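# Structural overview
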Amino acid sequence: MPNTIKSIAENLMQNTAEYYCAYCGEPNLTFIDLSAGGEQSYVEDCQVCCNPNILYVRVDEDTLDIEIDTESES
Ligand SMILES: [Zn+2]
């Protein structure tokens, strides 16, 4: 069924990953849009302390392993 195949493909193109807040050190979950490329950076507020973290995301295109470095914005 085409619909089933499409929804599986969409699931594979998005993933969640964990990063540690650069301010408070608490783990946060973030959604990674795998279709946006192997290297991404964006700002996301910590879900615990609400400070803005700069996330540097690297996605291994073969294994889809995700690595995230965080940096404080200021
Ligand atoms: Zn925090």
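Data block above holds the structure.
The structure reproduced in this document is the subject of the present report. (Residues numbered from 1 in each chain as written. Predicted model: local features only at pLDDT ≥ 70, side-chain atom pairs only at ≥ 80, totals over all residues.)

### Focus on the sheet that holds strand 4 (residues 52-59)
The test is simple: Strand pairing follows a simple DSSP-based rule, namely that at least 2 bridges must link the two strands. The secondary structure listing takes helices from DSSP runs of H or I that are at least 4 residues long and strands from runs of E that are at least 2 residues long, numbered from the N terminus. Helix axes are fitted only over the stretch in contact, all axes being lines through C-alpha atoms; the angle between N-to-C directions runs from 0 to 180 degrees.
What the three strands build is an open sheet, ordered 3-4-5; its pairing is antiparallel. Edge positions in the sheet fall to strand 3 (39-45) and strand 5 (66-72), since each has one partner strand and no second. Across the sheet, the axes of successive neighbouring strands diverge by a mean angle of 25°, strand direction being ignored. Examined bridge by bridge, strand 3 and strand 4 share seven bridges and lie antiparallel to one another. Across the sheet, residue Gln40 finds its bridge partner in strand 4, namely Val57.

### Describing the environment of Glu73
Where we set the bar: Burial is judged by counting other C-beta atoms within 10 Å of a residue's own C-beta: 20 or more means buried, 12 or fewer means exposed, and anything between counts as partly exposed, with every C-beta placed from the backbone. Whether two residues are in contact depends on their C-beta atoms, placed from the backbone: they are in contact if these lie within 7 Å.
With respect to the helices, strands and loops of the structure, Glu73 is situated in the segment after strand 5. For Glu73, a count of 11 C-beta atoms within 10 Å corresponds to the exposed category. In sequence terms Glu73 and Val43 are 30 residues apart; their C-alpha atoms lie 8.1 Å from each other. Not counting chain neighbours up to four residues away, the residues in contact with Glu73 comprise Val43, Pro52 and Ile54.

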